[in-house]
Amino acid sequence: MSSEGSSKYLFFIIVKELRNSCLPQGSICYIEEMQYVSKINSEEHMKTLEVKSMRYWVTERTVQVDALQQLTKKEAELLQALDKDKDRFKCFEDRKKLDFALSLSKDSPVEVNVRGEWCEGVVRYIGGIKEPERQHPITGMFFGIELMGRHKGKGGSNDNFGPNKLFTCERDCAVFVPFTMVRGLPSKLNLGSKCEQNKLSDQSSQYLFFIVVKEPLHSCDTPQGCICCVQKEEYASKLNSKNMTSLVVTCMNSKLLPKVMSVDALQEITKEEAELLQALDKDKDRFKCFEDRKELDFALSLSEDSPVEVDVNGEWCEGMVRYAGGITELDRQHPITGMFFGIELKEKHKGKGQTDGTYRGKKYFACGRDCGVFVPFTRLRDSAPKPLDPLLPWKGVSGYQEEPLVVGERVTFFTDDDRGRHGIVMGLEKKQGMVYVLVSTDTHEKGEDGSPLSIPLQCVIKEELLSPDRLEPCMTPNVEDVTFSLGSMVEVKLFEGRTAYGTIRWIGTLPGYDGIRAGLELEEDIGVSDGTFKNKRFFQCPYKRGLFVRLASCRKDTRFLSAAPPDAAVSERNGDRGADELVPGRVAPLTSDKVLKMLMGDMKGIQGHCNSCYMDSALFSLFSCSSVLDSLLFMSVPQEDAQIQNILLQEIVNPLRTKGFVSEKSMMKLRKKLQSSGHCPTFTTDEKDPEEFLTLLMSDILRLEPLLKLSTGKKVQESYYYQIFLDQNHSLVLPTVRQLLEHSFWSNSLRLAEVPACLILQMPRFGKTFKMFNKIIPTLELDISDLLLDNPQECILCGQLAELECNNCFVDDTFGNTGFKQLCGKCSLQVHSHPKRSSHKPSHLRIPDGFRPSAIPPKEKLQLFAVLCIETSHYVSFVRHGRCPEDWVFFDSMADRQGDQDGYNIPRVQACPEVARYLEMPLGELAALNPRDMEGVAKRLFCDAYMYLYESPRMGLYH
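Model, not experiment: these values are computed from the prediction.

Within helix α17 (residues 737–747), 10 of the 11 residues are buried, leaving the element largely enclosed by the surrounding structure. Among the residues making up α17, those that are buried are V737, Q739, L740, L741, E742, H743, S744, F745, W746 and S747. On its buried side, α17 packs onto β42 (708–711), β44 (722–723), β45 (751–752), β46 (758–762), β49 (781–783) and β57 (945–951). Trailing α17 by a residue or two, S749 shows a phi angle of about 55 degrees, which is positive.

Overall, the coordinates contain 44 salt bridges when judged by the stated rule. Here R322 and E344 are joined by a salt bridge, their closest N and O atoms 2.7 Å apart. With R322 in strand β19 (residues 315–325) and E344 in strand β20 (residues 340–345), this pair connects stretches of sequence that are 22 residues apart. On the accessibility criterion, R322 (23% relative accessible area) is partly exposed. With a relative accessible area of 14%, E344 lands in the buried category. K859 is paired through a salt bridge with D783; the nearest N and O atoms lie 3.9 Å apart. In this pair, K859 is assigned in the loop between β52 (843–844) and β53 (861–871) and D783 in strand β49, connecting sequence segments 76 residues apart. Note on K859: relative accessible area 44%, which makes it partly exposed.

Time to look at the sheet that holds strand β50 (residues 804–805). If you trace the 3 strands from one edge of the open sheet to the other, you get β51-β50-β52, paired in antiparallel fashion. Either end of the sheet is taken by a strand with one partner, and the two such strands are β51 (822–823) and β52. Two elements, β50 and β52, share 2 bridges in a ladder whose sense is antiparallel. Bridging across to β52, L804 finds its partner in H844.

Attention now moves to the UniProt feature "domain: CAP-Gly" (unreviewed entry) in the protein. Cross-referencing UniProt, the feature "domain: CAP-Gly" (unreviewed entry) maps to residues 338–376 and 508–550 in the present numbering. Secondary structure over residues 338–376 splits into 0% helix and 36% strand, and the C-alpha atoms at its two ends are 8 Å apart.

Conventions we followed
Residues numbered from 1 in each chain as written. Predicted model: local features only at pLDDT ≥ 70, side-chain atom pairs only at ≥ 80, totals over all residues. Heavy atoms only, no water. Buried < 20%, exposed > 50% of the residue type's maximum accessible area, 1.4 Å probe, protein only. Helix = DSSP H or I, 4+ residues; strand = E, 2+ residues; numbered from the N terminus. Contact = heavy atoms within 4.5 Å. Salt bridge = Lys/Arg side-chain N within 4 Å of Asp/Glu carboxyl O. Pairing = 2+ DSSP bridges. UniProt positions renumbered as here; feature names shortened; annotations may be inferred.

Shown next, in the form of structure tokens:
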């Protein structure tokens with residue numbers, strides 16, 4: 001088959017050990033591109049793929065997509081030159097030799113292994129040394145090396161292989177070898193990890209990058225804003241074909257197989273743009289930044305030592321760019337990684353960062369302790385614009401003005417009619433060598449073009465330099481005796497007929513002004529600053545939203561007079577309840593009685609704030625009514641992580657159990673500490689998944705031993721949670737959790753190596769949005785006896801000790817609706833005497849030494865204690881607080897909200913006894929029930945389940 005013909009194929013390598021398959025790990029497979037496109041277009045959720053193997057003795061096999069990883073044609077040719085599949089997989093995993101081979105070209109100097117000796121040579125030929133078999137599109141790629149210098153004559157060829165002359169050299173001065181027998185010259189060896197990273201980075205130049213600009217038609221389609229890539233070579237070959245309407249691309253936010261995308265859904269971007277956008281977590285944010293481009297263009301203009309302002313925990317801090325690039329290692333699947341900016345904080349903002357230029361043990365730049373941050377470009381902005389050069393002193397109507405005017409200052413100006421008028425400085429400009437002041441007047445006068453009035457500098461004077469009796473108040477003073485505080489929502493009279501609404505962000509005195517002033521963040525762009533006054537920052541807000549006024553000019557926001565005072569609400573949520581007080585010691589989880597007395601209602605549970613629902617619901621589920629993971633709170637941890645443990649115990653878990661409420665301040669303290677410890681640069685701002693947070697907490701921080709030990713028959717794998725995967729041939733329609741778990745274990749040949757104290761199960765989904773089942777029935781008591789390795793089992797027919805297990809009978813509903821089928825010897829003979837089961841091959845069960853055949857096999861059962869659910873990217877939880885069917889509560893950390901931008905979330909815990917009704921409902925009736933008709937919040941438990949949490953009753957800390 002020609003090289004041109006091979007370009008019509010996609011190539012893969014088997015990356016998993018497949019059960020009952022003749023395709024070992026490391027095998028090279030391929031599929032015609034048109035067949036792949038047709039498969040994707042015909043199946044909305046592709047789980048398997050029919051691929052052909054490069055092995056001559058097998059042609060086509062069905063393989064699960066998660067066992068395949070795409071290769072470029074050149075990678076497939078290089079790996080195919082190796083004899084053994086295990087060597088292919090080893091080279092694919094390690095990649096050092098493979099990446100070196102990809103960088104070679106003709107005339108490259110190398111060293112080649114000739115019968116165990118490394119000899120100097122030059123690459124003269126790269127390609128196949130035999131014709132591809134007619135049924136396969138490629139053959140192995142070898143390197144023809146001409147030996148040089150003292151190594152001449154040590155070869156085994158004179159430039160030809162078989163009858164084919166591939167290059168010219170002297171006799172016995174050539175060898176043909178696979179890439180594993182070639183290496184760089186000694187002078188190029190041992191250059192360190194930075195060199196290796198640069199090699200990987202160089203590979204990105206071989207790709208074109210795109211962003212998806214069209215909204216997907218289906219929930220499983222590639223989302224708008226996703227970054228994709230394609231090799232330039234593949235793109236060029238596709239471009240040469242007529243009527244190119246689609247393109248096979250690799251999605252940067254997925255480890256799955258390539259996607260077929262319509263060309264009109266893609267827009268090409270540069271590598272730098274792709275790296276910047278890839279640093280963002282959400283596709284919708286990428287697309288928004290790509291459309292707007294202001295932030296993106298600003299980031300592209302940055303270079304080392306550029307002055308910027310950076311968002312650090314909601315505060316804009318001055319800093320300097322010290323690093324721009326990746327902070328995660330490149331992987332073998334994707335040619336780029338997200339570009340982050342390393343910022344060194346300057347002057348008064350020093351010490352507000354989280355790093356000294358180090359991220360995950362690697363030094364990217366040098367700065368003082370806690371003086372650095374790593375952020376994506378969306379958290380940067382241009383440093384505050386500098387005022388015009390200081391103006392020379394000038395003589396006004398009442399003397400000399402020694403200071404230049406700055407934006408935000410009140411002034412009086414005089415024109416030809418000699419009538420003094422008042423306004424606020426909006427800016428300064430130079431025209432024809434003269435300086436003009438842009439003034440927004442109190443009477444709202446406009447210039448000819450609708451902009452602020454432009455007044456010559458010599459006609460303007462600061463109000464503070466005029467005598468008080470010549471000033472007219474621009475604000476109506478408030479005579480009410482009202483005490484305001486930070487966060488109070490107020491209104492002020494700007495000029496006749498115009499009222500501004502805002503929130504107090506600062507209270508104090510301003511230099512050169514008498515009396516108490518308030519810094520307001522307005523709701524509209526009618527202010528004069530971003531929280532700065534005379535180049536000094538007093539608070540943070542968007543530009544033109546800031547305004548400084550006399551505190552006495554503020555009135556209560558009349559729009560909210562019917563509601564509870566906002567400042568009182570703030571005090572209640574963060575002070576009076578004492579949710580932020582430390583509660584040391586050991587506190588048992590809430591009993592059913594305490595739940596009903598203390599935990600019900602609004603402002604109960606954990607208060608959500610800024611994308612925290614994944615963490616709120618996870619911690620509420622784990623610790624409110626269960627002690628199965630309380631060992632996390634008391635185990636010995638390294639000193640650097642002890643503070644995180646103390647916050648979790650004394651400011652979250654114990655207050656939840658003693659007061660029934662945890663404020664957003666305590667949660668933000670935990671999030672900031674997680675972020676400052678270098679675990680993730682976006683913990684205080686971005687949405688995460690519960691499993692990501694729990695794994696980080698249990699594994700990286702508190703060093704808990706993995707909860708789950710899974711046996712594959714050959715080795716034991718460890719994990720903190722189990723993601724349920726199902727084969728495509730399942731017949732489940734309205735499954736229980738037990739059925740899903742058993743199906744997943746059966747299809748993946750898994751067993752539990754030991755009884756878990758806590759079993760966290762993630763339901764089968766495609767992303768957060770697409771659910772495989774409309775409803776899942778909770779299994780309140782999960783019998784895991786059949787799932788345990790080497791656990792004595794009882795015969796499903798006679799109840800005696802089982803001796804055999806039949807995998808083929810798993811889906812045979814004669815003896816039950818799926819499930820493992822263990823049988824004693826006598827019952828197995830009877831069952832498999834039936835013609836339809838005569839081909840089954842039962843396997844022998846291992847009976848533990850000393851177990852008496854007459855003994856009753858033990859049962860191991862876990863109890864459901866919580867369920868996390870998700871709908872439209874918002875997590876909530878259901879918690880069982882007792883063993884009665886009605887003992888359920890529903891928790892939402894953001895159930896309601898008080899106020900708008902300056903408001904706060906109201907967490908809510910409510911009883912949901914209606915769940916019991918649907919748990920007891922006949923399956924047929926439940927399957928036919930429209931979710932919209934389900935009572936209360938029960939629909940969310942049955943239809944939106946994301947994660948189930950089970951515990952062993954014998955292993956709780958307080959049992």
